[in-house]
Structure formats: C-alpha cells, structure tokens
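What follows is each chain in one-letter form.
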Amino acid sequence: GVKPVTRVRTPDGTARPMLMLGSNSFLNLNYHPRVLEAERRALERYGAGCGSPPLYAGTSNLHRELEMELARFFGTESALIFPAGYSGNLGVISGICRPGDVIFCDASNHASLFDGARLSGAEIKPYLHLRPDHLERELKHCTASGRLIVSDGVFSMEGSLAPVAELAELKERYNALLMIDDAHGFWAVGEKGLGTASLFGVRDKVDIHYGTFSKALGSVGGFCAGRSEVIDYLRYYARSAFFSSALPVSVAAAVLESIRVVREEPEHLANLKRNRDFFQHELERRGFNTLNSRSAIIPVLIGQLQMSLFAAGIFTNIGTTPAVNASKCRLRLNVMTTHTTEQLAFAADKLEELGKKLEII
C-alpha cells in the first residue's frame, strides 16, 4: 500500500518522507483494517497461493463469491477474474475475436488492449482519440460480420472519459460488440463508483465490462463481466485465464472486503471527489493545463518538473513515450481519498513556484 505521505528511497540510498501523488490506489483501501483482516484470515485458511489454474484445482468458494459480487455490481449475468489486469485484456480480446473480424480501437487505448487485438489475428482499425464521428466513418466501410469496439473508460495518461454513450449508440447502429476497459473508473467515477458507462447512463448497453482490482481497490488482478454465454466461453478460450494459476485466495478475500467497504462507507468516494475537484481547481487557477480531466488522474503538461518536485518532497509519475507522444510529455498526478486539502494545496503551491521559476506558466 501507499499512504499520502510515505517513505521513498532516493538515488543516494537514503529514505525520506514524500507526499505521494503517484499511486493508483485512489481509495487507499489497502490500508483499511477490514481489508487487512479479511486477507489475513484467508491467508491462514488457504495459504499464499492456489497452485493451479482456475479450471483445475485453483477455484475456491471466495473466487466464486467474488465473481458473483462483480456480476451484481455491474448488473450482468456473470463475471470472470484474471490474475492480472494486463493479461486479462489479452485473454478477453484474443478469446472473442478471430482472423476476419475487425477491432475498432481508440488510438489512445491502453497497450494491453492493442496487444490483445494483435494476438487475436483480427484486423485492427484505430480511430481518432475521443472521436466517435471518425469511428462511424470506419464502421460504415466495414464489411466484416465480427465487429468489436473497444475503448478505455478513463484514459490513464490524461484522465479524460470516453464518450461511452456515443459508442453504445454506434455499436447498436452497426451491429458490433462494445467492450469498455474502465480500470481507472470502477469504484472511482460516477455514483457509487459504478464507472464511466454508468455515469453516462448506458451500463446495460456495454457487452463486456473490463477492469482491474489494482487501481481504486489497491490490490491486483483483472476481471470482465457480461452475459453468461460470453463469460462461460471465455473461461475456456481466454488463454491468460485457462493457462495461468488462479488469483491467490487471500487477494480475492481482500478485494471482496474492499468492495463491501466502498458500498458501506460512502465517505471514501465523497472524499476522493472532494480532493480531485479541489486539486484540479487549484492547479487550473494557477495557470496549469489539466486537459479537462474528469477523474482522479490529473495531468499537467510539464514533464520536466518531475525531478524538481522530487527534490521538494513530492513523488509524481511522468507520462512519456511510448505512453504519450514525445512532444506531450506530462506529469501524471494521482489524487487519493486520504489526501488532505493542505497537502494538495502544498503540492499546487510548489508546482506554481517551480513553474514560474522555469517560466512555463
């Protein structure tokens, strides 16, 4: 886990306290006492690992309970969990698509979505980022019967939201499947953390909901949810599930408890929204371009400030190639529910001070 103020080892080998603005653990639940206790109990009962793929000896009652909880969360018939978010995308896309199919990808989709598309052997048609009009032009000229539209829900390098309502309309108009990878949206965006599709009112029009436990819930693993016939098919044909050891039971227990905490303690989501709104406002009023982020990921198009911030006691991530275009390197600032407004104001002040010193604001 990562606390808002944590100890980070510096290049000279010493450890110093740093304000953490680089963690994807938006709700910081990996420190919640209920989550820690649930994982401890599962470790004592089930041990540290499963020792087998899910369809052999690797599935426990807690795996099944987690999949049922995910299906209830998304309002779908079934769900399937993977040992990692990246490998899950490889398995889902290469499992449902074949040579002769066409996959329409937002040009800024996560690398795992493109890699899964490549593994499938299907034709890949990237469309311009956040441009459903360009997607429609590509769909109009598509003669393949198998069509998949796939997009991030929250784009991890800019915090923007996909136009999921328009994508859902296009998938129905042109008889395609729609997959939304909302890794950075679930349990962090929208009412009750139901994600981007729910925020736009089209959750029931998404065929495959995909996400990870490694962002808002602060754990590890991936999952997809959808119709039973699709999920049952993927249990056998998503190779990254079939041929991988199952998610440790202790992790499944921790994730289950984290989901319950989000449902029963709404203050975590409320605090996250408060913090992100405050921090984005503070940055924008100081003259920084945050690319109109609508999530807990707030970019600042000033990549060269990272080491200066590190020296000032603020840990951030930098988005550079191949994640973004070389001309658009950026700081990637991640807000957590447990930040205080004083900590975020301090970070904004330091950014302003350094930005003025370098004459970039």
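See the structure printed just above.
Residues numbered from 1 in each chain as written. Predicted model: local features only at pLDDT ≥ 70, side-chain atom pairs only at ≥ 80, totals over all residues. Heavy atoms only, no water.

Would you take a moment to explain helix H6 (residues 164-173) for this structure?
Along an α-helix, residues three or four apart share an orientation, since each turn contains 3.6 residues. Taken together, the buried positions of H6 are Val164, Leu167, Ala168, Leu170 and Lys171. Projected down its long axis, H6 shows its buried positions confined to an angular sector of 165 degrees, all on one face. Considering only its buried residues, H6 is in contact with strand E5 (123-127), helix H5 (132-140), strand E6 (147-152), strand E7 (177-181) and helix H7 (196-199). Of the residues one or two after H6, Asn175 is the one with positive phi, at around 55 degrees. (Buried < 20%, exposed > 50% of the residue type's maximum accessible area, 1.4 Å probe, protein only. Helix = DSSP H or I, 4+ residues; strand = E, 2+ residues; numbered from the N terminus. Arc of directions from axis to C-beta. Contact = heavy atoms within 4.5 Å.)

Looking at this structure, how should I read the packing of helix H1 (residues 33-46) against helix H10 (residues 249-264)?
When two helices pack together, their arrangement is captured by the angle between the axes and the distance separating the axes. Relative orientation of the contacting elements H1 and H10 amounts to 155 degrees, with a least axis distance of 8 Å. In terms of their interaxial angle, H1 and H10 are classed as roughly antiparallel. Where H1 crosses over H10, the handedness of that crossing is right-handed. On the side of H1, the interface is formed by Arg34, Val35, Ala38, Glu39, Ala42, Leu43 and Tyr46, while H10 contributes Val249, Ser250, Val251, Ala253, Ala254, Glu257, Ser258, Arg260, Val261 and Glu264. Split by residue class, the contact of H1 with H10 holds 10 nonpolar, two polar and five charged. (Axes fitted to C-alpha atoms, helices over the stretch in contact; angles between N-to-C directions. Parallel < 35°, antiparallel > 145°, perpendicular 65-115°, else oblique. Left-handed = near helix turned anticlockwise from the far one by under 90°. Nonpolar A, V, L, I, M, F, W, Y, C, P; charged D, E, K, R; others polar.)

Sorry, what's going on with the packing of helix H11 (residues 267-285) against helix H13 (residues 341-357) here?
In the contact formed by H11 and H13, the axes pass within 9 Å of each other and the chain directions differ by 20 degrees. Comparing their axes, H13 and H11 come out roughly parallel. Regarding H11 and H13, the two cross each other, and that crossing is right-handed. Taken together, the residues of H13 that come into contact with H11 (itself represented by Asn275, Phe278, Phe279, Glu282 and Leu283) are Thr341, Leu344, Ala345, Ala347, Ala348 and Leu351. Broken down by class, the residue content of the contact of H11 with H13 amounts to eight nonpolar, two polar and one charged.

Mind showing me how you'd approach the pattern of salt bridges here?
Pairs can form between side chains of opposite charge once their charged atoms are near each other. Under the counting rule described, the total for this entry stands at 31 salt bridges. Put simply, Arg285 and Glu282 hold a salt bridge, and the shortest N to O gap is 3.1 Å. Of this pair, Arg285 and Glu282 both sit in helix H11, three residues apart, which is roughly one turn of that helix. Judged by its relative accessible area of 54%, Arg285 falls in the exposed class. With relative accessibility at 10%, the residue Glu282 sits in the buried group. Note that Glu352 is salt-bridged to Lys356, the shortest N-O span being 3.3 Å. (Salt bridge = Lys/Arg side-chain N within 4 Å of Asp/Glu carboxyl O.)

Even after reading the chapter, I still don't get the layout of surface pockets, so can you show me in this structure?
The method is simple in principle: a probe with the dimensions of a water molecule rolls over the atoms, and the space it marks as empty is what remains. The computed volume of the largest pocket comes to approximately 500 Å³. If you go around the largest pocket, you meet 19 residues; those closest to its centre are Ser108, Met157, Pro322, Ala323 and Val324. Residue composition of the lining of the largest pocket, grouped by class: 10 nonpolar, five polar and four charged. Of the volumes computed, that of the second largest pocket is approximately 290 Å³. Lining the second largest pocket are 16 residues, with Ala188, Val189, Gly190, Lys273 and Arg276 sitting closest to its centre. In terms of residue count, H11 provides more of the lining of the second largest pocket than any other element does, six residues in total. By residue class, the composition of the lining of the second largest pocket is eight nonpolar, two polar and six charged. (1 Å grid on protein atoms, 1.4 Å probe; cavity = no way out; pocket = protein on both sides within 12 Å on 5 of 7 lines; lining within 4 Å. Points joined across faces, edges and corners; volume = space filled by probe spheres on them.)

Explain the side chain of Asp152 to me, please; I cannot follow it from the model alone.
With respect to the helices and strands, Asp152 occurs in strand E6. Of the side chains with opposite charge, Arg332 comes closest to the buried, unpaired Asp152, at an N-O distance of 9.1 Å. Here the side chain of Asp152 touches His110 through a polar contact of 3.4 Å, landing on its backbone nitrogen. Leave out the neighbours within four places in its chain, and Asp152 touches Ser108, Asn109, His110, Leu113, Ala162, Ile180 and Asp181. (Lys, Arg positive; Asp, Glu negative; His and termini not counted. Polar contact = N/O pair within 3.5 Å; in protein donor to acceptor, adjacent residues only side chain to side chain.)

In this structure, what is going on with the sheet that holds E7? I would like to understand it.
Strands pair in a sheet through their backbones, by hydrogen bonds, and they do so in one of two ways: parallel or antiparallel. Strand order in this open sheet of seven strands is E3-E9-E8-E7-E6-E4-E5, and the pairing throughout is mixed. The open sheet terminates on both sides in strands that have one partner only, identified here as strand E3 (78-82) and E5. The sheet shows a mean angle of 20 degrees between the axes of neighbouring strands, taken without regard to direction. Bridge count for E6 against E7 is five bridges, and the pairing is parallel. Counterpart to Asp152 in the pairing with E7 is Asp181. (Pairing = 2+ DSSP bridges.)

Got a minute to help me understand a nonpolar patch on the surface in this structure?
Together, Leu55, Tyr233, Tyr236 and Tyr237 make up a nonpolar patch on the protein surface, roughly 410 Å² of accessible area in all. Note that Tyr236 resides in helix H8 (residues 228-237). Given the relative accessible area of 52%, Tyr236 is considered exposed. (Patch = residues over 30% accessible without salt bridge, like charges linked within 9 Å, V, L, I, M, F, W, Y side chains within 5 Å. Areas by Shrake-Rupley, 256 points an atom, 1.4 Å probe, with all protein chains shown as cover.)

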